[in-house]
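# Examining the three-dimensional arrangement
Next come the chains, spelled out residue by residue.
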Amino acid sequence: MSYSGSNGSPIPQISHQFELEGGLKLQVNVRAASNGNPTRVDFQLTYCRRELLLQWGGLYHGQTNWVLPSDRRPYGTRTWKDHALQTPFAKHGETWLLTIEMRDTRIHAIEFVLKDEIQDKWLKNNQGNFRIQIPRCDPYASLSSIPHELVQLKAYLSWERKGKPRNSPQQEKQDYEAALKDLQAQLSMGLSLADIRSSLQASNTDRNAENKGNTNTDRNAENKGNRTLASNITPSPDYQKTYTTTPVSHKRWNVDQWINKCIDANAQTKGTCLPASSLLALVEKLVPDSDQGNVVRRHIFKVGSHEVVALLMTLRDDKHLLLGVDMEDYAVLHWGVSKQSSGEWLAPPLEIVPQRSKMLDGACQSYFDKKSTSGISFQQCLDINLRQTEFIGLHFILWSGGTWIKNEGSNFYINLKLSVGDGKGVVKQLLDEISEREKDAERSLMHRFSIATDLIERAKNEGELGLVGMLVWLRFMACRQLTWNKNYNVKPREISAAQHKLTDSLQRIYMDEPNYREIVRLIMSSIGRGGEGDVGQRIRDEILVLQRNNDCKGGMMEEWHQKLHNNTSPDDVIICQALLDYAKSDFNIAVYWKTLNSNGITKERLACYDRPIVSEPQIKRNVKDGFIRDLTSYLRTLKAVHSGADLDSAIATCLGYSSKGHDFMGGVAIRPVGGLSAKLTDVMYFITLMLENLCLSSVNNEELVFCIKDWYRVTDLHESNDELWALQAKAVLDRIRLILADRAECYHNIYQPSAEYLGVLLRVERWAISIFTEELIRSGSAACLSLLLNRLDPILRSVTNLGSWQIISPVEVRGIVTVVEDIAKIQENVYRQPTVMIANKVKGDEEIPDGVVAVLTPDMPDVLSHIAVRARNSKVCFATCFDKDILGDLKSKKGRAILVQPSTTSLVYSELRSSDLSNESLSSFIPAIALKKKTFSGKYAISFEEFTSELVGAKSVNIQYLGRKLPSWVKVPISVALPYGVFEAVLREVVNKDVANQVVSLSRIVAAGNLSKLHDIRQTILQLKAPSQLINELSSKMKTKRMPWPGDEGEGRWNQAWLAIKKVWASKWNERAYISIQKAKMDHNSLCMAVLVQEIICADYAFVIHTKNPLSGNPTEIYAEIVKGLGETLVSAYPGRAMSFVTKKSDLNSPKVLGYPSKQIGLFIKRSIIFRSDSNGEDLKGYSGAGLYDSVPMDKEDKVVVDYSSDRLIVDRAYQKYIFSKIALVGKVIEDLYGSAQDIEGVVKDGEIYVVQTRPQM
């Protein structure tokens, strides 16, 4: 197998497949080095149920010892006894992946074995190593693929370094050939084209910065005296082409290497995460499954090639700290505790000292236990029972191998507070101290930065919210809400040195605490980077030079000079920019004030400095060019202290340059986003840049990485006016929007409480407090990305003919407009007049309130979600609006009457007079639906063959019917059931008497209208104890059907199953179901709950079919939605859209894709049992109770972030058509069996179709 390189030459690729024991499959794909890119080896494990390590090395020709490549090692790689490398696989869904890249071209083969670290077992190739040969490319093929413009730029820079001599055509050709030869040599040494391009463009950018200082006169004179590159270097006619900045292609990064995979640490706040750790995974296995949810916080410390991990957890009301190290020599913990502040080190009380400990003066020494040996190293653990003590932290250092081990020269520190801050999302004690020290901080910026340096370590020890507090304080300062200077003179170099010390501390936190990097970045954006030595002093020195060179020693320039000498601040950057703009506008004073005012500097602010600026600038016209040159240079000096990094050169490198014929270097220019053209390729290019930027600057970025991969795929497939392409692009954009919305909500939850609390203490203006988080978001790349998405979305919608609406339930209605934020929060409301509800949030599992005749939303619930089905059944208009202007207009009509007229593809509305609603009334008569209460049959469990409508619900009866009638190629899961009446029988058991009494008492309170007690009823039911007869009968039925019986795996597994059964019964009292029952005037006491027990199919995909198209009402069409993993993400309130298609029943082999998936999460599970609700209150005439009650798996599903970029159902059109046609055929077969439209749920596993239930389509 081979692929084509950029020059069209084949790039060899070899694929190997290995069948290992236990059904494990290993595939290895090797792609040869080419075009400066490294050799790439991709490993893929399937049917693997546990974590494995790859132990590997390279081989040189004629040698048998392994070579250990030193560059580009995969994340988590460590050296094993100096003989091999060990790298963990990363799990993606049910597949384990690993990629190795090697630049060493001398390596001709790679050898490896697999290690099961849990079972201490090696997986080999017939008792030997696996060996994979590295294919080779033609070494000269890539050298001919160097782009002409790179050679051209290389030759130009070389000519420029020589002093720009007047060359003959022969010499020009020689220069070009020398540049080509030099670039070929760099490629052969292993540099990539991207590396070479970046290096040349950086040199080019530096030269441009120098040229900015030249006057226009100088440049014109220079151009007259020298020929331009376009005419100087013309080795072939090809090089006369004009190049533009319009991006045609963009480097495709191996973004899998960017993943900062996070472990859900059950941490104090959403957003806190840790890098993956093999040692942490091993230590966590020491915690029983039943206690995993009690882990409060996890810490990972890197110490050279070793790790130290800590788990803080609660067990039976006691706090425990479980420490783990992976050192081979025995480890000793030297430790103490903190009670009042994180800086304390106190000897621990004897009550919390572990066994095998020794008390010292002011400290304790405790010895680790060696738990096991694993493939990575020795694992040692220590459990400290902190009981119910109120210590706030624990300090420690380690003794191992004859030496003390510290954390970058300091103590290790663990925050022991179970709840961060005061329980309201703030660290109150730290914020109070910041407020107390503000009086000193406002003396000068030097004082403020010094105080910040004093507090920053403590803030880190307080955890995420401690650093948030520091961010809020410094950002209030940066936004001029706090005083920068108050009657105190300070030298610029002193400010610069204080900044430098603070940014050094932040740099250490950034390196040591990966999970805090995003917050640290935000803090550093609020302050300049500073510097020691002459960095600050240059502010003083260079203003004197500027004044002398340009004869401007009086007036405004002298006032500014005095301010700079005594109290320079970030305002000086704005003042300098205003002077530059003033000079460039030919000394238009209005331009000077416009720049100042647009950046928050008024005449009043200038006048309030300790050294006030009250005059306007007056510069002589004859020094204009020199003044601009010197100010440009001085602006860089000011930015070096006050503004952090200067981004001009980075932007130029990123966006490249353009060659404009005879003025080659004059064409090097940055293309501002504000001048972005409407061209689709331009917008796509900038989306790529912003998406990559956001990914690299985010801590928990796995989903962003998957979006980039999918976006790369979509942009590579771009075809103008291609509807399928536009649908795929829109799905990626929809998913990115969901990520941005999640980030905005997370930011608000984390940052706003501290802004509110500290802002009040510091007397910050109310408006600045209110918009703190909003402005924080707007200052980042996420806001720019959102604007670009809004630019592209209407283009895509136009291509796909989607318009501004998706109509889910097309019903013409009249009503009064009301606006709500979240429909879930008002679903119990009753509206007395017809109401058109504009709801910002609709997840999909809500009830539609009484009196609502239309729900219009910008949200995107699935077409087959619960609320969508309810809307169609109840004849309620339901639609999604994609146009914010239309939505804004609808909201502006709040309180007024409108007529809503939807079609199948669009919606129009018009305003009505109130009198037009006089005849519109809500029916006060809703016929009651009678429920026949079921009785206990005496059987606690029944088999598949015993299912009848008197014993179980429609779900079980239908699955039995399908099992007998469907063709053999459609699979039906094996099932048993707990029939009607079992719950009531269990409740009557003597052992459950107290539970029964409590349920009766709480039910009376709920019946009186207090729905808050529904939660208490559910919790009470979970206390039920199982009678032995139930256990025995269920065990017998399941074993007879060869279903796995949980009790065979131990008492703990049966307890899990019993808890799941009780949760199904308890769902009779969930809020949504209870409200729905009330609306239908059904007797809640007559509702009976059977439980259908099925073995879970570990699905690749799950689907729902409606055999009558619910969007158009067309009975000749089948509509279906499909998601990755289990179907819970489709039928419940998981954000994003499912993939959807429609097909004619007369032509099942021609499915039409209506939408591609944007679901963020896929649910996957190991082999397990699911307990499905099956009540007598579902699928009744005039009422559909489907989805109201819970189905509960015995084991918790794994929530996996979905990667669609290589999903076969997305990228393989033939496979997609095969699966969709097969799903549609199942729908038609089942509809034919019942003779009516059906609502069908099923899954796809290894290409096979399983149907798990069907019901009449309502």
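Calculation notes
- Residues numbered from 1 in each chain as written.
- Predicted model: local features only at pLDDT ≥ 70, side-chain atom pairs only at ≥ 80, totals over all residues.
- Heavy atoms only, no water.
- Helix = DSSP H or I, 4+ residues; strand = E, 2+ residues; numbered from the N terminus.
- Buried < 20%, exposed > 50% of the residue type's maximum accessible area, 1.4 Å probe, protein only.
- Areas by Shrake-Rupley, 256 points an atom, 1.4 Å probe, with all protein chains shown as cover.
- Core = buried A, V, L, I, M, F, W, Y, C linked by side-chain atoms within 4.5 Å.
- Contact = heavy atoms within 4.5 Å.
- Pairing = 2+ DSSP bridges.
- Axes fitted to C-alpha atoms, helices over the stretch in contact; angles between N-to-C directions.
- Expected span 1.5 Å × (residues − 1).
- Parallel < 35°, antiparallel > 145°, perpendicular 65-115°, else oblique.
- Left-handed = near helix turned anticlockwise from the far one by under 90°.
- Nonpolar A, V, L, I, M, F, W, Y, C, P; charged D, E, K, R; others polar.
- Salt bridge = Lys/Arg side-chain N within 4 Å of Asp/Glu carboxyl O.
- Phe/Tyr/Trp six-rings, centres within 6.5 Å; stacked < 30°, edge-to-face > 60°.
- Lys NZ or Arg CZ within 6 Å of the ring centre and 35° of its normal.
- pLDDT = per-residue confidence, 0-100.

## Quick word on the overall build of the protein chain
- On a plain count of helices and strands, the protein chain comes out with 36 helices and 46 strands.
- Among the 1258 residues that make up the protein chain, the fraction classed as buried is 54%.
- Only carbon and sulfur atoms are counted for the fraction: they give 49% of the accessible area of the protein chain, which is about 55200 Å².

## Concerning the nonpolar core
- Leu1024, Leu1034, Trp1065 and Phe1171 are the most contacted members of the largest nonpolar core, which totals 51 residues.
- Per element, the largest residue contribution to this core is 8 residues, and it comes from helix α32 (residues 1051-1066).
- Those residues within four positions of Phe1171 in sequence are excluded, and the remaining contacts are Ala1057, Ala1060, Ile1061, Val1064, Val1091, Leu1092, Val1093, Asp1190, Ser1191, Val1192 and Met1194.
- Judged by nonpolar contacts, the second largest core, of 50 residues, contains Phe449, Met477, Ile519 and Tyr751.

## Describing the sheet that holds strand β27 (residues 813-822)
- The strand order across the open sheet built from 7 strands is β26-β30-β29-β28-β27-β31-β32, with neighbouring strands paired in mixed fashion. The strands lining the two open edges of the sheet, one partner per strand, are β26 (805-809) and β32 (907-911). Pairs of neighbouring strands in the sheet enclose a mean axial angle of 35 degrees, with direction left out of account.
- Where strand β28 (residues 830-841) meets strand β29 (residues 850-857), 5 bridges bridge the pair, whose relative direction is parallel. Within the sheet, the bridge partner assigned to Val836 lies in β29 and is Ala854.
- Across the sheet, helix α25 (residues 866-873) touches β26 and β30 (877-881), and the angle it forms with β26 is around 65 degrees.

## Overview of helix α7 (residues 428-441)
- Here α7 spans 19 Å end to end across 14 residues, near enough to the 20 Å set by a 1.5 Å rise per residue.
- Looking at α7, one finds that the buried residues are Leu430, Leu431, Ile434, Glu438 and Ala441.
- Looking at the buried residues of α7, the elements they touch are α8 (445-461), α9 (464-478) and α21 (723-761).

## Comments concerning α9
- An ideal rise of 1.5 Å per residue puts 21 Å on 15 residues; α9 measures up with 21 Å between its terminal C-alpha atoms.
- Arg480 occupies a position one or two residues after α9 and carries a positive phi of about 65 degrees.

## Focus on the side chain of Gln1216
- Structurally, Gln1216 can be placed in helix α36 (residues 1213-1234).
- The contact partners of Gln1216, leaving out residues within four places of it in the chain, are Met1139, Val1153, Tyr1156, Leu1209 and Ile1210.

## Looking at the pairing of β28
- As paired strands, β27 and β28 are joined by 6 bridges and run parallel to one another. For Thr818, the partnering residue across the bridge sits in β28 and is Met837.

## Considering unusual backbone geometry
- Of note in this structure, Asp586 is not a glycine but carries a positive phi near 65 degrees.
- Relative to the elements of secondary structure, Asp586 occurs in the loop between α14 (571-584) and α15 (589-598).
- For Asp586, a relative accessible area of 41% puts it in the partly exposed group.
- With phi around 60 degrees, Arg763 is a residue other than glycine that occupies positive phi space.
- Relative to the helices and strands, Arg763 is located in the loop between α21 and α22 (766-770).
- On the accessibility criterion, Arg763 (78% relative accessible area) is exposed.

## Some points on the side chain of Ser781
- By secondary structure assignment, the location of Ser781 is in helix α24 (residues 781-799).
- For Ser781, a relative accessible area of 12% corresponds to the buried category.
- Here Ser781 is in contact with Met690, Asn693, Leu694 and Ser697, once residues within four sequence places are set aside.

## Focus: the packing of helix α13 (residues 555-567) against helix α17 (residues 624-642)
- Following both chains from N to C, one finds α13 and α17 inclined at 20 degrees, their axes separated by 15 Å at the closest point. On the basis of the axis angle, α13 is roughly parallel to α17. The hand of the α13/α17 crossing is left-handed. Contacts between α13 and α17 involve Met557, Trp560 and Leu564 from the first element and Phe627, Tyr634 and Leu638 from the second.
- When grouped by side-chain class, the residues that make up the contact of α13 with α17 number 6 nonpolar, no polar and no charged.

## Looking at the sheet that holds strand β36 (residues 1089-1095)
- The strand order across the open sheet built from 5 strands is β33-β35-β36-β42-β43, with neighbouring strands paired in antiparallel fashion. With one partner strand each, in any of the chains shown, β33 (942-943) and β43 (1192-1193) form the two edges of the open sheet.
- Here 2 bridges tie strand β42 (residues 1169-1175) to β43, and the two strands are oriented antiparallel to one another. In the strand pairing of β43, Phe1171 is matched with Val1192.
- Here helix α27 (residues 954-965) sits on the sheet and contacts β35 (975-978), β36 and β42; the angle it forms with β42, its principal contact strand, is near 115 degrees.

## A closer look at the pattern of salt bridges
- Per the counting criterion, the structure on display carries 56 salt bridges.
- Glu1071 is paired through a salt bridge with Arg1018; the nearest N and O atoms lie 3.2 Å apart. Of the two residues, Glu1071 is situated in helix α33 (residues 1071-1079) and Arg1018 in helix α30 (residues 1013-1021); the sequence distance between them amounts to 53 residues.
- In this structure Glu1071 comes out as partly exposed when scored by relative accessible area, which is 27%.
- On the accessibility criterion, Arg1018 (17% relative accessible area) is buried.
- Residue Asp1048 is joined to Lys1039 by a salt bridge in which the shortest nitrogen-to-oxygen separation is 3.4 Å.
- Given a relative accessible area of 42%, Lys1039 falls into the partly exposed group.
- If you follow the salt bridges from partner to partner, you end up with Glu433, Arg437, Asp454, Arg458 and Glu462 in one network.

## Observations concerning the packing of aromatic side chains
- All told, the structure shown has 25 aromatic pairs when counted by the stated rule.
- Between Phe396 and Phe412, the ring centres sit 4.8 Å apart and the planes meet at 10 degrees, which makes this aromatic pair stacked. A residue pair is termed long-range when its members are at least 10 positions apart, and Phe396 in strand β23 (residues 393-400) and Phe412 in strand β25 (residues 412-415) qualify at 16 residues. For the pair Phe396 and Phe412, a shared accessibility class is recorded, and that class is buried.
- Taking the ring centre of Tyr510 as reference, the NZ or CZ of Arg517 above it sits at 4.7 Å.
- Sitting over the face of the ring of Tyr1215, Arg1208 holds its NZ or CZ atom 4.0 Å from the ring centroid.

## Some words on the confidence of the model for the protein chain
- Considering every residue of the protein chain, the mean pLDDT works out to 82; 85% of them sit at 70 or more.
- Within the protein chain, no element has a lower average pLDDT than helix α5 (residues 229-232), which sits at 32, and none a higher one than strand β39 (residues 1139-1144), at 96.
- Predicted confidence for residues 373-377 stays below pLDDT 50, and this span has 17 contacts to residues more than four positions away or in other chains.

## Some words on the pairing of strand β19 (residues 357-360)
- In the sheet, β19 pairs with strand β20 (residues 363-367) via 4 bridges, with the strands oriented antiparallel. Opposite Ser357, over in β20, you have Ser366 as the bridge partner.

## Structural notes on the packing of α14 against α17
- Between α14 and α17, the least distance of the axes is 9 Å, while the angle of their chain directions is 160 degrees. Here α14 is positioned roughly antiparallel relative to α17, judged by the angle of their axes. Here the hand of the crossing between α14 and α17 comes out left-handed. Across from Asp572, Val573, Cys576, Gln577, Leu579, Leu580, Ala583 and Lys584 in α14, the residues of α17 making contact are Lys624, Phe627, Ile628, Leu631, Thr632, Tyr634, Leu635, Leu638, Lys639 and His642.

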